[in-house]
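# Descriptive structure summary
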Protein chains: 2
Amino acid sequence: MIKGPAVAVTIKDVARLAGVSQSSVCRALADPARVRPETRDRVERAAHELDYHPNRVARSLITGRTLNIGVVLPDLANPFFPSVVKAIQTRARGFDYAVFLSDTDEDPALEVPAIRALAEQVDGFLLCSPRAADEELRSNAREKPIVVLNRRVTPFPSVTADSADGMRQAVAHLHALGHRSVAYVAGPRTSWSNRDRLRGLRAATAARGMDLVEAGNVAPTVDGGAAAADLVLATPATAVLAYNDLTALGLIQRFHARGVDVPGRISVVGFDDIHLAALVVPPLTTVAIAKEQIGRAGVDLLLASMAGRDSTGTARRVLPTQLIVRGSTGPAPV
Amino acid sequence: MIKGPAVAVTIKDVARLAGVSQSSVCRALADPARVRPETRDRVERAAHELDYHPNRVARSLITGRTLNIGVVLPDLANPFFPSVVKAIQTRARGFDYAVFLSDTDEDPALEVPAIRALAEQVDGFLLCSPRAADEELRSNAREKPIVVLNRRVTPFPSVTADSADGMRQAVAHLHALGHRSVAYVAGPRTSWSNRDRLRGLRAATAARGMDLVEAGNVAPTVDGGAAAADLVLATPATAVLAYNDLTALGLIQRFHARGVDVPGRISVVGFDDIHLAALVVPPLTTVAIAKEQIGRAGVDLLLASMAGRDSTGTARRVLPTQLIVRGSTGPAPV
DNA sequence: AGCCAGTCTGGAATCGTTTCCAGAACATTG
DNA sequence: CAATGTTCTGGAAACGATTCCAGACTGGCT
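A few words now on the overall build of chain A. A count of helical and extended segments in chain A gives 12 helices and 12 strands. Compactness check: chain A gives a C-alpha radius of gyration of 26 Å against a globular reference of 20 Å for 334 residues, more than 25% above the reference. Overall size of chain A, expressed as C-alpha extent along the three principal axes, is 90 × 45 × 30 Å. Taken over 334 residues, chain A has a buried fraction of 56%. Sequence-distant contacts, at least 24 apart, represent 69% of the contacts inside chain A between residues at least 6 apart. Summed over its atoms, the accessible surface of chain A is roughly 13800 Å², and 53% of this surface lies on carbon and sulfur atoms.

Below, the structure written as structure tokens:
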């Protein structure tokens, strides 16, 4: 049987049982050194007997700290994000923080409202790949510390992947395989990492005198990739880089449906290295990002930002990327 | 430029600007019918001008309602859960609820602490596929309403999938293809849905006089499935059903690595119909669960449970399952 | 005009905690 | 012994909202 009472026990109950004032109970529990040992014992015994736990809501009202962090991301259905969120959650738990999750469904207009809705209940935000304009995001800067993941927005601390280097690796790989013309299937126009990847790709292809065909912007999903496949085939490109793995998988799926050989006719490279990239046939060559590290680093930066009372730190962590070569890339057709 | 003030605007500021009392501001915003139209206008104008939003923390202190719900799940890396969470979040947002997320990393011992940690800050819980013992879960029943997803735990309301029927469909499909001996690769022993699926499978095979080989319990992951593949091949089974899609993908992956033809030598059936089941080669035949519906129904049940002040309702929603036939199943080898 | 019912409003109490402030008790020092 | 400091404590004021209560005003009715 359960003995716990239906109604919560408050600090007053403890004070009464211990025969001291509320203030002393509070002090005894928050900072035992500030009360006499005897008082401390009495309070602790009473608190333990009643199974008292301070009400976080009431506490946060006066201290202003909630021990919660808010995570805002565009689409949980993209396997990239669950990995990051999982790492965030695990890390946060280690510091006794709980996590609010808000999925904005790839709608930039939902991001600021999501932040506003959570603002009072969290001590800070982790914005994963936010789609809203810099200016909009900055408009929340005064309220709570913000750390941005997968994007750089002045003046917030950020954690990003070194896309340029990843693209360099991918292009070097394709070049070595004899490819001279590559296509890029871009993600959302509002995505910073899309622009970042494209920038890196342009630099990398230019450096090797390769031809780059930009095949348009699509949704960062399997369907988006599938929709771009035929466009890509209509270009002279012998290899295609996709904004992310989902898009790449969509490309492969459509190529497969049309009987186009991968990598015989065309090579495919993804980005992110989601779990299932290794499972498709052919397994996907992709640029891996340290997703867990992004989550962890984000929490660490946010905690530092909160502790320093400085929401506009200039900390910028750039994590390395690594090309994972699998079966979806091969020699260019002759 | 940002005009928002650093410090939050409170109800007092609105009252001052509107030239009325706090009480009137509160009434005007909470229930416009309770104040004179003119007062309402003044308040609304002032609130709008100051961009005032009531502080949820302060409100919850007095009303006892937080407008948050807690979601506890075993592993966000399993694509099944993000789908459910996304649906939960979307549905909850519609009712102005925010979502706390806690990933317990498949560790049953973390579930109750996760619930306790969130208890004060939420109005109720959605437990997705909880792994902890019934008794442990029940020990939280007094505190806050709980709705269980993918499992039945008296006395909580629950939302489950009709696994038995799904298994019936899968077995009928395999039987029609000529299979007479099938294997089952089970998930975690502590998983209710694993037991539920196994029960359904036993009934279905028995009903058709088919042979069922139980190939042991594995982690509900790709690696778990891969680990069981060789065991399955050592049995006389010509088809294998997996606890979930990840396990099935692991099986296929290992079969592929060993040069075993799917479905030529052996057919594979998954469970859940995660997004990527359709993308592997061969695409996975699987029993689809309405993941979004589970999330939505869970929220609805929880809200009802909270409104009714009755955390131990007996509502049990069982959602239909549907076999999706793809390329991983074929005629039994002769 | 006088009375009553009804509408609308402001002040104050409240939720559970932390923190400020002032005073009590005790010890220390010249 | 007086003066000063230190330690510890309880009362009360916050935090920002909601809600109770009583009073002010309106209007309708006799």
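Residues and elements named next belong to chain B. At a minimum axis distance of 9 Å, the contact between helix 2 (residues 22-30) and helix 3 (residues 37-50) shows a crossing angle of 90°. Put simply, helix 2 runs roughly perpendicular to helix 3. The segment helix 2 lies against helix 3, with Ser24, Val25, Ala28 and Leu29 engaging Thr39, Arg40, Val43 and Ala47. Looking at the contact of helix 2 with helix 3 residue by residue, the class counts come to 5 nonpolar, 2 polar and 1 charged.

Spatial strand order, 11(A)-5(A)-4(A)-3(A)-1(A)-2(A)-2(B)-1(B)-3(B)-4(B)-5(B)-11(B): 12 strands in an open sheet with mixed pairing. A strand with exactly one partner marks an edge of an open sheet, and here the two such strands are strand 11 (316-319) of chain A together with strand 11 (316-319) of chain B. Strand-to-strand twist of the sheet, defined as the mean angle between neighbouring strand axes without regard to direction, takes the value 20°. As paired elements, strand 1 (residues 68-73) of chain A and strand 3 (residues 124-128) of chain A share 4 bridges and run parallel to each other. For Val72 of chain A, the partnering residue across the bridge sits in strand 3 of chain A and is Leu127 of chain A. The strands touched by helix 5 (residues 80-94) of chain A are strand 1, strand 2 (98-103), strand 3 and strand 4 (146-149) of chain A together with strand 2 (98-103) of chain B; relative to strand 2 of chain B, the strand with the most contacts, the crossing angle is about 80°.

This part is about the protein's contact with DNA strand D. Not every one of the 25 residues close to DNA strand D is listed here, only the nearest: Ser24 and Thr39 of chain A together with Ile11, Cys26 and Asn55 of chain B. Contact between DNA strand D and Ser21 of chain A: a phosphate oxygen at 3.1 Å from a side-chain N or O atom of the residue. Sorting the residues of the surface near DNA strand D by element identifies helix 2 (22-30) and helix 4 (56-63) of chain A together with helix 2 and helix 4 (56-63) of chain B as the ones contributing at least two each. In terms of residue count, helix 4 of chain B provides more of the surface near DNA strand D than any other element does, 5 residues in total. Within the surface near DNA strand D, the residues separate by chemical class into 11 nonpolar, 10 polar and 4 charged.

As a further point, take the domain arrangement of chain A. Examined at the domain level, chain A breaks down into domain 1 (11-54), domain 2 (68-161 + 291-319) and domain 3 (163-290). Spacing between the C-alpha centres of domain 1 of chain A and domain 3 of chain A amounts to 62 Å.

What follows is about the protein's contact with DNA strand C. By nearness alone, 25 residues border DNA strand C, and Ile11 and Gln22 of chain A together with Ser24, Thr39 and Ile62 of chain B come closest of all. Side-chain polar atom of Arg59 of chain A to a phosphate oxygen of DNA strand C: 2.9 Å apart, as the coordinates give it. Ser24 of chain B has a polar side-chain atom sitting 2.6 Å from a phosphate oxygen of DNA strand C. Counting residues per element, the ones that place at least two in the surface near DNA strand C are helix 2 and helix 4 of chain A together with helix 2 and helix 4 of chain B. Broken down by element, the surface near DNA strand C gets its largest block of residues, 5 residues, from helix 4 of chain A.

This next bit is on the environment of Val213 of chain B. All names here are of chain B. Structurally, Val213 can be placed in strand 7 (residues 211-217). Distance from Val213 to Asn244, taken between C-alpha atoms, is 17 Å for residues 31 residues apart in sequence. Residues within four places of Val213 in sequence aside, it is in contact with Ser181, Val182, Ala183, Tyr184 and Thr235.

With that settled, the discussion passes to the pairing of strand 4 (residues 146-149) of chain B. Residues and elements named next belong to chain B. Side chains Ile146 and Val148 project from strand 4 onto one buried face, and the interleaved Val147 and Leu149 project onto a second face that is buried too. Bridging between strand 4 and strand 5 (residues 158-161) involves 2 bridges; their strand directions are parallel. Among the inter-strand pairings, Leu149 is bridged to a residue of strand 5, identified as Val159.

Next up on the list: the nonpolar core. Core analysis: the largest hydrophobic core is formed by 152 residues, its most contacted members being Ile88 and Phe255 of chain A together with Ile88 and Phe255 of chain B. Excluding its chain neighbours within four sequence positions, the residues that come into contact with Ile88 of chain B are Ile69, Val71, Val99, Leu126, Cys128, Leu149, Gly295 and Val299 of chain B.

What follows deals with the interface of chain A and chain B. Accessible area lost on assembly of the parts is the figure often given for the size of an interface. Contacts between the two partners involve 48 residues from chain A and, on the opposite side, 49 residues from chain B. Interface of chain A and chain B: buried area, both sides summed, is about 4300 Å²; carbon and sulfur atoms make up 62% of it. Here chain A is connected to chain B by 7 salt bridges. Between Asp51 of chain B and Arg116 of chain A there is a salt bridge, with the nearest N and O atoms lying 3.9 Å from each other. For the interface between chain A and chain B, the tally reads 15 residue pairs in polar contact (both at pLDDT 80 or more). If you list the elements that add at least two residues to the side of chain A that touches chain B, you get helix 4, helix 5, strand 2, helix 6 (111-119) and helix 11 (245-257) of chain A. The biggest single contributor to the side of chain A that touches chain B is strand 2 of chain A, with 6 residues. When grouped by side-chain class, the residues that make up the side of chain A that touches chain B number 25 nonpolar, 13 polar and 10 charged.

Right, let's get into the packing of aromatic side chains. Residue and element names in this part refer to chain B. A full pass over the atoms with the stated rule returns 3 aromatic pairs over all chains. Ring centres 5.3 Å apart and planes at 80° place the aromatic pair Phe80 and Phe81 in the edge-to-face group. In this structure Phe80 comes out as buried when scored by relative accessible area, which is 3%. What makes Phe81 buried here is its relative accessible area of 3%.

So, about the relation of the copies chain A and chain B. Rotating chain A by 180° and moving it 0.6 Å along the rotation axis overlays it on chain B with an RMSD of 1.0 Å. These values place the two chain copies in the arrangement generated by a two-fold rotation axis. The position closest to the rotation axis in chain A is occupied by the C-alpha of Phe100 of chain A, lying 2.0 Å away. Of the interface residues in chain A, 96% have counterparts in chain B that sit at the interface too, so the contact is made through matching surfaces.

What counts and how
Residues numbered from 1 in each chain as written. Chains lettered and ligands numbered in written order. Predicted model: local features only at pLDDT ≥ 70, side-chain atom pairs only at ≥ 80, totals over all residues. Heavy atoms only, no water. Helix = DSSP H or I, 4+ residues; strand = E, 2+ residues; numbered from the N terminus. Rg over C-alpha atoms; globule rule 2.2 N^0.38 Å. Buried < 20%, exposed > 50% of the residue type's maximum accessible area, 1.4 Å probe, protein only. Contact = heavy atoms within 4.5 Å. Areas by Shrake-Rupley, 256 points an atom, 1.4 Å probe, with all protein chains shown as cover. Axes fitted to C-alpha atoms, helices over the stretch in contact; angles between N-to-C directions. Parallel < 35°, antiparallel > 145°, perpendicular 65-115°, else oblique. Nonpolar A, V, L, I, M, F, W, Y, C, P; charged D, E, K, R; others polar. Pairing = 2+ DSSP bridges. Near = heavy atom within 4 Å. Polar contact = N/O pair within 3.5 Å; in protein donor to acceptor, adjacent residues only side chain to side chain. Domains from an automatic or database assignment. Core = buried A, V, L, I, M, F, W, Y, C linked by side-chain atoms within 4.5 Å. Buried area = accessible area lost by both parts, 1.4 Å probe. Salt bridge = Lys/Arg side-chain N within 4 Å of Asp/Glu carboxyl O. Phe/Tyr/Trp six-rings, centres within 6.5 Å; stacked < 30°, edge-to-face > 60°. Least-squares fit on C-alpha atoms with pLDDT ≥ 70 in both.

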